[in-house]
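Listed below are the residues making up each chain.
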Amino acid sequence: MEFRDLKAQYLALKDEIDEAVGRALSGGSFILGAQVEALERELASYVGAAHCVTCANGTDALSLALMVWGIGEGDAVFVPDFTFFASAEVIARAGATPVFVDIDSKTFNMCPEALAHVVSVVEKEGALTPKAVIAVDLFGQPAEYDKLRPVCEAHGLKLLEDGAQGFGGAAGEKRACSLGDMGTTSFFPAKPLGCYGDGGAVFTNSDEEAALLFSLRSHGKGNDRYDNVRVGVNSRLDTLQAAILLVKLRAFQKNELALVNEKAQRYAELLTDAVKKPYIKGGYRSSFAQYSILLKDEAQRDGLKGHLKKQGIPAQVYYPRPMHRQKAFAYLKPQAWENKNTAEVCGRILALPMGPYLSDEDIETICGHINGFCR
Ligand SMILES: *Cc1c(COP(=O)(O)O)cnc(C)c1O
């Protein structure tokens, strides 16, 4: 059994993907070809943002957004303590200081009340200038932007949506990646919309920000490639990946997003209440980048993971350690608050095989073993 069955997806879309790849290869324009622009148009329209600027990966997408906002030394950027390393890494890479905020214990996303508290602590300390918040749509469910935004507005903070796992999710009528002042996503193969290599994108409604992003991703170009008006980076999406993504985006809209939600529904029906199932807020839609359950405690979680492995069922711990306890961040001043929910969830969480091509028989097998083990 696969944790996320990318081969099954390829086989389902093989004819269209092979054709698109063949066309890209014979087109001969391998970087930023016509497919890249076509993809940017389709992505912007799907997400509901005025502009989409693709780039080399989801980490660069976050970095580019921070560059546009001029975030650097002496600035504080608030980020959930429970996320993939890249969400916090880009802050340190920009020369700014990551400040780790606790999560809501039900949604696993940044807790708006904790954010308000931590921002006021940093303001009182006075050593750093609070500049921005990076909220993460963890496991596919958008963070609570309607509650995060007032905190940002009260303190003059920019709000960046890290939608690397959230693409396809929604809060009410609004789709993920359109919920912050800018939004980003990743096309790493295992993400909700993945390519066959690395890729990423930034979304914005601002013409000025989009122009800056297009410039920054291509060495800070001005009017042409050899007119460099600022220091940028080399972070572009290649034509092959765009060609593949154009096919996959259509499949994503046609049935894959609906299918993955059916799989989540099936899990929820079959799992007993011995485990805590994912909680999706009313009016929200998840793209289920992960289907993550909570076990009673760390011993039960680790025991179940080992038990499933013996049955040939892969399960993963996302994420075993709070960001503030990563060795890479040991240089930071110890934080004056505790992130209790993060600590607890790190010990109890387990992600199960998921994806639009997971079979119903596999879900039954997985749930049978979990229910038996946790009884
Ligand atoms: C995957 C991921 C990223 C980074 O994306 P890459 O394309 O791998 O660079 C950033 N944030 C989150 C939450 C992610 O899951």
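Conventions adopted
As a convention, each chain's residues are numbered from 1 in the sequence order in which they are written. It should be noted that, the model being predicted, local features are given only for residues of pLDDT at least 70 and side-chain atom pairs only at 80 or more, the latter also being counted only at that level, while totals for whole chains, interfaces and linings use all residues. Here the side-chain values reflect all heavy atoms present in the structure, with hydrogen atoms and water set aside. Runs of E in the DSSP output that reach at least two residues are strands. Runs of H or I that reach at least four are helices, and both are numbered from the N terminus. What a helix is expected to span follows from its residue count: subtract one and scale by 1.5 Å. Relative accessibility thresholds used throughout: buried, under 20% of the residue-type maximum; exposed, over 50%; partly exposed, between the two (1.4 Å probe, protein chains only). Think of it as the arc spanned by the lines of direction from the helix axis to the C-beta atoms. Residues are classed as near a molecule or strand on a simple rule: at least one heavy atom within 4 Å of it. Think of a polar contact as two N or O atoms within 3.5 Å of one another; within protein, one of them needs to be a possible hydrogen donor and the other a possible acceptor, and neighboring residues in sequence only count if both atoms come from side chains. In these tables, accessible area is a Shrake-Rupley quantity obtained with a 1.4 Å probe, and a residue counts as shielded only by the protein chains included in the view. Residue classes follow a fixed rule: Ala, Val, Leu, Ile, Met, Phe, Trp, Tyr, Cys and Pro count as nonpolar, while Asp, Glu, Lys and Arg count as charged, and any other residue, Gly among them, counts as polar. Paired strands, as defined in this entry, are two strands with at least two bridges between them according to DSSP. In this analysis, axes come from line fits to C-alpha atoms, helices being fitted only over the stretch in contact, and the angle between any two N-to-C directions falls in the range 0 to 180 degrees. Here, two residues are considered to be in contact whenever any of their heavy atoms come within 4.5 Å of each other. Handedness of a crossing follows from how the near helix is turned relative to the far one, being left-handed for an anticlockwise turn of less than a right angle and right-handed for a clockwise one.

The end-to-end C-alpha separation of helix α2 (residues 34-47) is 20 Å, in line with the 20 Å expected for 14 residues at 1.5 Å each. Of the residues making up α2, those classed as buried are Q35, V36, L39, E40, L43, A44, Y46 and V47. Along the axis of α2, the buried residues cluster in a sector spanning 165°; they form a single face. Counted as exposed and oriented over 90 degrees from the buried face of α2: A34, E37, R41 and S45.

Now for the site of the ligand. In the neighbourhood of the ligand, 14 residues make up the surrounding shell, with G58, T59, D162, S186 and K191 lying closest. A distance of 2.7 Å is found between a nitrogen atom of the ligand and a side-chain nitrogen or oxygen belonging to D162. When the free accessible area of the ligand is taken as 380 Å², the share hidden by the protein chains comes to 92%. Looking at the shell around the ligand, the elements that each hand over two or more residues are α3 (58-68) and α4 (86-93). For the shell around the ligand, the residue count by class is 4 nonpolar, 8 polar and 2 charged.

The next subject is the sheet that holds strand β6 (residues 170-171). An order of β7-β6-β10 is seen for the 3 strands of this open sheet, with the pairing classed as antiparallel. In this open sheet, the two edge strands, each paired with only one partner strand, are β7 (174-175) and β10 (284-285). Where β6 meets β10, 2 bridges bridge the pair, whose relative direction is antiparallel. Pairing of A170 across the sheet is with R285, part of β10.

This next bit is on the sheet that holds strand β9 (residues 200-204). With mixed pairing, the 7 strands of this open sheet are ordered in space as β1-β9-β8-β5-β4-β2-β3. Across the chains shown, the open sheet's two edge strands, defined by having one partner strand only, are β1 (51-55) and β3 (97-101). Neighbour to neighbour, the strand axes of the sheet diverge by 25° on average, direction disregarded. Relative to β9, strand β8 (residues 182-186) runs antiparallel, the two sharing 5 bridges. Among the inter-strand pairings, M182 is bridged to a residue of β9, identified as T204. Along the sheet, α3 makes contact with β1, β4 (129-136), β5 (158-162), β8 and β9, crossing β8 at roughly 160°.

To continue, consider the packing of helix α1 (residues 6-27) against helix α8 (residues 239-270). Two elements in contact, α1 and α8, have axes whose closest approach is 9 Å; the angle formed by their N-to-C orientations is 145°. Where α1 crosses over α8, the handedness of that crossing is right-handed. Where α1 abuts α8, its residues Q9, L13, E16, I17, A20, V21, A24 and L25 lie against T239, L240, A243, I244, V247, K248, A251 and E256. Along the lines of polarity and charge, the residues of the contact of α1 with α8 split into 11 nonpolar, 2 polar and 3 charged.

That is the geometry; function is a separate question.
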